[in-house]
Amino acid sequence: MWRRPEPAALGKSQPLPPTTPLSPTVAGAVVYRSAPEPIGRLQEHYNNLCVEKSQKINPFILHILQGVDKEIEKGLGGVTLNIAGNNHLIPVQRVTGEDFWVLSRTLEKNPYVNGLDVRYNLISDVGAYYASKLLQKQHNLIYLNLMFNDIGPEGGELIAKALHKNTTLKYLRMTGNKIENKGGMVFAAMLQVNSSLEKLDLGDCDLGTQSVIAFATVLTQNQTIKGINLNRPILYSEQGESTVHIGHMLKENHCLVELHVCKHDIRNYDIKHLCDALYLNKSLRYLDVSCNKITHDGMVFLADVLKSNTTLEVIDLSFNRIETAGAKYLSEALASHNRSLKALSVVSNNIEGEGLVALSQSMKTNPTLSNIYIWGNKFDEATCVAYSDLIEMGCLKPDNTDVEPFVVDGHVYLAEVSNGLKKHYYWTPTYGEACGIHSANAGFNLVPVGQHL
């Protein structure tokens, strides 16, 4: 019988694997150096493994596997197993590390499942150990979502090391797991070896300055990563060292399509480094610098870039402070020069009516700019009328903005609607698939990198 890891092993960077192999008669057992056994129904396989390992059956997992079995019976391939712990439609018993142990054994040789989403569960470093084993043995998995699972530096290190030899995984989400600087350094080292991963999300992982710089350095050479999220690192310096290195990376890298650097404490001189690099970069299409400290002076540099750059399609400036002057700089570039940008978000930037009207005017002369998000600024009646006219004229589709006009007593006002560049970054809607709702995830739909959110 295989044994679960002892609690004392959880703090170690390399948990000891089980010592005795499963009996060859157990459904789905691994018999090394032998042909794979036929795969039956996932529900039955999971149930048998729980009995064999004396592990309590998780009814939530069993319920999800029932649905997947039905999809497989219909002949559908490339199934994503969605066991998100924040599902509000059915009773959820969140997946623990021990639950994930059995689940990973269930999926180990299944050829139909190529995506696994276990966001918002409790798998911790124990589950991370078994996730690393799954990555080594499951050769059909292209998407793995482990966001917010209480995985620490040791668990992150195990997953990163498993990716040294993995050649199938395309998209990994580690969002919200506190792997810290130590785990970040191991992931950066992994990118020197791995040649299959295309999108990596390490947002809210408490990365340090050292690991952010390491990622920037590695990406000057890596030719496969198309999208990376380094949001909200823990930076102790205000000198902008990490932004300087990211700028240098953008000059050298010609494969990166999507870059997220929210909450990097980016100021005007930092955005200048990025803009200097964008004169030379010909691959980046999605730049996310939201939640930073950029003012109207920084927009001088970005507006100049937009006059000559022909690749940027989505820019997220939400929650900065570009104000009216910054909006005017952007509107001038968009009205007269740029014909590549498709979406711009200036949500909550302290922009007054004059700047918002200027942006609306640029949409009338720019046939490419299709999406604009302005909620959280200072609307006056001229602003409300301008965006109402844009929608009425057909220059701006209702699904491509986050405001909706309405009239009270002959006056036009704007109400907020739930559209945006990445509304479903942290959560998915109760009904329907997030990646199918274009209005709420315009950034990901305009610049699709990776098959899943």
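Counting restarts for each chain: residues are numbered from 1 in the order of the written sequence. Given that this is a predicted model, residues contribute local features only at a pLDDT of at least 70 and side-chain atom pairs are listed and counted only at 80 or more, while totals for whole chains, interfaces and linings are drawn from all residues. Each side-chain value is derived from all of the structure's non-hydrogen atoms; neither hydrogens nor water enter the calculation.

**Topic: helix α4 (residues 124-137)**
Line of reasoning, step 1. Runs of E in the DSSP output that reach at least two residues are strands. Runs of H or I that reach at least four are helices, and both are numbered from the N terminus. Expected span, for any helix, means 1.5 Å times one less than how many residues it has. Helix length check: α4, at 14 residues, gives a terminal C-alpha distance of 20 Å against a target of 20 Å (1.5 Å per residue), a fit within 8%.
Line of reasoning, step 2. Any residue under 20% of the maximum accessible area for its type is buried, any over 50% is exposed, and the rest in between are partly exposed; the area is computed with a 1.4 Å probe on protein chains only. Across the 14 residues of α4, 11 count as buried, placing the element largely inside the fold.
Line of reasoning, step 3. Ser124, Asp125, Val126, Gly127, Ala128, Tyr129, Tyr130, Ala131, Ser132, Leu134 and Leu135 are the residues of α4 that are buried.
Line of reasoning, step 4. Note on contacts: a residue pair is in contact if any heavy atoms of the two residues lie within 4.5 Å. Those residues of α4 that are buried are in contact with α3 (97-107), β2 (113-117), β3 (143-145) and α5 (153-162).

**Considerations on the pattern of salt bridges**
Line of reasoning, step 1. For this document, the term salt bridge refers to a Lys or Arg side-chain nitrogen within 4 Å of an Asp or Glu carboxyl oxygen. Taken as a whole, this structure holds 20 salt bridges when the rule is applied.
Line of reasoning, step 2. The partner of lysine 170 in a salt bridge is glutamate 198, with the nearest N and O atoms 3.8 Å apart. Here glutamate 198 lies in the loop between α6 (180-190) and β5 (199-201) and lysine 170 lies in the loop between α5 and β4 (171-173), a separation of 28 residues in the sequence.
Line of reasoning, step 3. Its relative accessible area of 23% is what places glutamate 198 among the partly exposed residues.
Line of reasoning, step 4. In this structure, the salt-bridge partner of aspartate 276 is lysine 272, at a minimum N-O distance of 3.2 Å. Residue aspartate 276 and its partner lysine 272 are both found in helix α9 (residues 268-278); the two are separated by 4 residues, about one turn of the helix.
Line of reasoning, step 5. For aspartate 276, a relative accessible area of 29% translates into the label partly exposed.
Line of reasoning, step 6. Note on lysine 272: relative accessible area 35%, which makes it partly exposed.
Line of reasoning, step 7. One connected set of salt bridges, linked through shared partners, spans Glu154, Glu157, Lys161 and Lys182.

**Some thoughts on the layout of surface pockets**
Line of reasoning, step 1. In this analysis the probe radius is 1.4 Å and the grid spacing 1 Å, with only protein atoms considered; a cavity is a set of points the probe fits into but cannot get out of, a pocket is an open set with protein on both sides within 12 Å along at least five of seven lines, and lining residues have an atom within 4 Å of a point. Grid points are joined across faces, edges and corners, and a volume is the space filled by probe spheres set on the points. Roughly 480 Å³ of volume is contained in the second largest pocket.
Line of reasoning, step 2. Taken together, the residues of the lining of the second largest pocket sort by class into 10 nonpolar, 6 polar and 8 charged. Under this grouping Gly is polar, as are all residues other than the nonpolar Ala, Val, Leu, Ile, Met, Phe, Trp, Tyr, Cys and Pro and the charged Asp, Glu, Lys and Arg.

**Quick notes on the packing of aromatic side chains**
Line of reasoning, step 1. Centre distance within 6.5 Å is the pairing criterion for rings of Phe, Tyr and Trp, where only the six-membered ring of Trp is used; planes under 30 degrees apart are then read as stacked, over 60 as edge-to-face, and the remainder as tilted. Within the structure shown, the criterion is met by 9 aromatic pairs.
Line of reasoning, step 2. Pairing tryptophan 101 with tyrosine 130 gives two aromatic rings, centres 6.0 Å apart and planes at 35°, and the pair type is tilted. In this pair, tryptophan 101 sits in helix α3 while tyrosine 130 sits in helix α4, placing the two residues 29 residues apart along the sequence. Of the two residues, tryptophan 101 and tyrosine 130, both sit in the buried class.
Line of reasoning, step 3. Between tyrosine 129 and tyrosine 130, the ring centres sit 4.8 Å apart and the planes meet at 80°, which makes this aromatic pair edge-to-face.
Line of reasoning, step 4. With a relative accessible area of 5%, tyrosine 129 lands in the buried category.
Line of reasoning, step 5. By the ring-pair criterion, three or more aromatic residues cluster together here, those being Tyr120, Phe148, Tyr425 and Tyr426.
Line of reasoning, step 6. The aromatic ring of tyrosine 425 is capped on one face by arginine 173, whose charged end is 4.7 Å from the ring centroid.
Line of reasoning, step 7. Here the basic side chain of lysine 422 rests over the ring of tyrosine 425, its NZ or CZ set 5.8 Å away from the ring centre. Whether a charge sits over a ring depends on NZ of Lys or CZ of Arg being within 6 Å of the ring centre and within 35 degrees of the ring normal.

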